[in-house]
Structure formats: C-alpha cells, structure tokens
Amino acid sequence: SPGCGTLTFMKRFLALMALILLPSVAGAATLRADDSLNLSEAPLGNAYLAGAEVTVDVPLPADLLAAAGAILVNAPVAGDAFLLAGSVTAVSPVAGDVRVAGAKVRIDGDVSGELAALAGTLTVNGKAGEVRAAGGTVEFRAGAAGPVTIYGGSVTLSGEFMGDVRVVASDHVSLGDGTIIHGSFDYN
C-alpha cells in the first residue's frame, strides 16, 4: 500500500537523522516511528519522531526532531524544534530555535530563539526572536524581538518588530493597523 512506502521512508529518514544529529551521550533520547504517533509520555531527553501523523501532547525537556505528513505540537518544547511535514501546527512555545519546512505551517506559540521557515503558507501568531522566512503567503501577526528577513509572494506584517525588517515580495507587502517597526524597514 502507498502508506507503507511512506512509513518505511520516514523510519529510514529518522534513523539517518538520529545518527547524524544525536550527540554521543544521548542515552536518554526517545526515538519513535509509527503511522499515527501520539507522544503523551515525557521523554527524559530529546525526541526524534516520524510517521504519517505526529502529535506531541506532553512538554518536552529538550529538543524535538519530527518528520511526518502532519505534525501537531500541543505542548512546550524546552529546546530546539526541527519540523518537516506537509502540515505543521505548533500551538505552544519553543524555548530554543525552530527550523520548519512544510506546505502549510502555523506557529501559534512564541519562539524564544531564531525562527527559520520555508513554507507554501506560513502564519506566525506568536512572537519570534530572529526570523528568516520564505514562502508563497507569509503572515506575522505578533512581531519579532530581533531582525527579520522574509522572502515571499504576499507578505503581511502586524505587531511590534524590535529590530530591522527586510522583505522581498513578488506580489505585495502589507502592514496591519498599529504595526511598529523600531529598526529600519527595507522592502522590495
């Protein structure tokens, strides 16, 4: 069946990524792959997850690496998050950096570190630290604490941006009512 090939690929991808990314003393890491995976028990360390659907319902004490058809992060991540999926939704805050790629990406929680995103549609409702993003439709609704660089077709900015903002848009750039940019604003 088509789903088995995808699951086998995801398991192999996750195993390869784990070998590359795991530190030599990662005895406390959690490595799981399944068609539908719901992480509901807190791991002791990093979590490496793969499947058709991955859901995280428990706070993570360290990093999260997930690859899936759809990813839903419902709980805080104390470390960094690397998310690769067709659809990604991160509802809760991430204390570190977020690296995300997907067709449809929505970040509702704050990202304390850097947010690097590549998406067809990117919507960020939480405040981010430094931002590097590219997408067809990009919308930031709460601003950012550091410098922002965005490449997109249609870009909409709202909220308070503490650093410089650079936007390159092939279609249009919009600023929402009350948007404040403390640094320079460079757009094309």
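Everything here concerns the structure above.
Residues numbered from 1 in each chain as written. Predicted model: local features only at pLDDT ≥ 70, side-chain atom pairs only at ≥ 80, totals over all residues. Heavy atoms only, no water.

Engineer: Any chance you could explain the side chain of Ser-92 here in plain terms?
Structural biologist: Looking at the element boundaries, Ser-92 is found in the loop between strand S5 (81–90) and strand S6 (98–107). Relative accessible area serves as the criterion here: at 11%, Ser-92 is assigned to the buried category. Polar contacts involving the side chain of Ser-92 include one to the main-chain carbonyl oxygen of Asn-74, which spans 3.0 Å. Separated by 3.4 Å, the side chain of Ser-92 and the backbone nitrogen of Ala-75 make a polar contact. Once residues within four sequence positions are removed from consideration, Ser-92 is found in contact with Val-73, Asn-74, Ala-75, Pro-76 and Gly-109. (Helix = DSSP H or I, 4+ residues; strand = E, 2+ residues; numbered from the N terminus. Buried < 20%, exposed > 50% of the residue type's maximum accessible area, 1.4 Å probe, protein only. Polar contact = N/O pair within 3.5 Å; in protein donor to acceptor, adjacent residues only side chain to side chain. Contact = heavy atoms within 4.5 Å.)

Engineer: How do you make sense of the side chain of Thr-30 when you look at a structure like this?
Structural biologist: Inspection of the secondary structure puts Thr-30 in strand S1 (residues 30–33). A relative accessible area of 13% places Thr-30 in the buried class. Contact partners of Thr-30, with chain neighbours within four places excluded, come to Pro-43, Asn-46, Ala-47 and Tyr-48.

Engineer: Honestly, the pairing of S6 in this entry has me stumped. Any pointers?
Structural biologist: A regular strand places its side chains on the two faces of the sheet in alternate fashion. Where S5 and S6 come together, 8 bridges link them in parallel fashion. Bridge pairing in S6 places Ala-81 opposite Val-98. Two strands pair when backbone bridges link them, and S6 and strand S7 (residues 115–124) are joined in this way by 9 bridges, in the parallel orientation. When the bridges of S7 are listed, Val-100 appears paired with Ala-117. (Pairing = 2+ DSSP bridges.)

Engineer: Is there a simple way to think about the sheet that holds strand S9 (residues 143–144) in this case?
Structural biologist: The strands making up a sheet associate through backbone hydrogen bonding, with each pair oriented either parallel or antiparallel. With parallel pairing, the 3 strands of this open sheet are ordered in space as S9-S11-S13. The open sheet terminates on both sides in strands that have one partner only, identified here as S9 and strand S13 (180–181). In terms of strand pairing, S9 meets strand S11 (residues 160–161) through 2 bridges, oriented parallel. Bridging across to S11, Ala-144 finds its partner in Phe-161.

Engineer: Any chance you could explain the pairing of strand S10 (residues 148–157) here in plain terms?
Structural biologist: Counting buried positions along S10 yields 7 of 10 residues, so the element is predominantly enclosed. Strand direction decides the pairing type here: strand S8 (residues 131–140) and S10, joined by 9 bridges, are parallel. In the sheet register, Thr-137 faces S10, and the bridge partner there is Ser-154. Of the pairings in the sheet, the one linking S10 to strand S12 (residues 165–175) comprises 9 bridges and is parallel in character. Of the residues in S12, the one forming a bridge with Gly-152 is Ala-169.

Engineer: Help me understand the nonpolar core in this model?
Structural biologist: For soluble globular proteins, the rule of thumb is that nonpolar side chains tend to be buried together. By size, the foremost hydrophobic cluster in this structure holds 44 residues, and its most contacted members are Leu-49, Leu-64, Leu-83, Leu-115, Leu-122, Phe-140 and Ile-150. Apart from the residues lying within four places of it in its own chain, the contact partners of Leu-83 are Leu-64, Ala-66, Ile-71, Val-73, Val-88, Arg-99, Val-100 and Ala-101. (Core = buried A, V, L, I, M, F, W, Y, C linked by side-chain atoms within 4.5 Å.)

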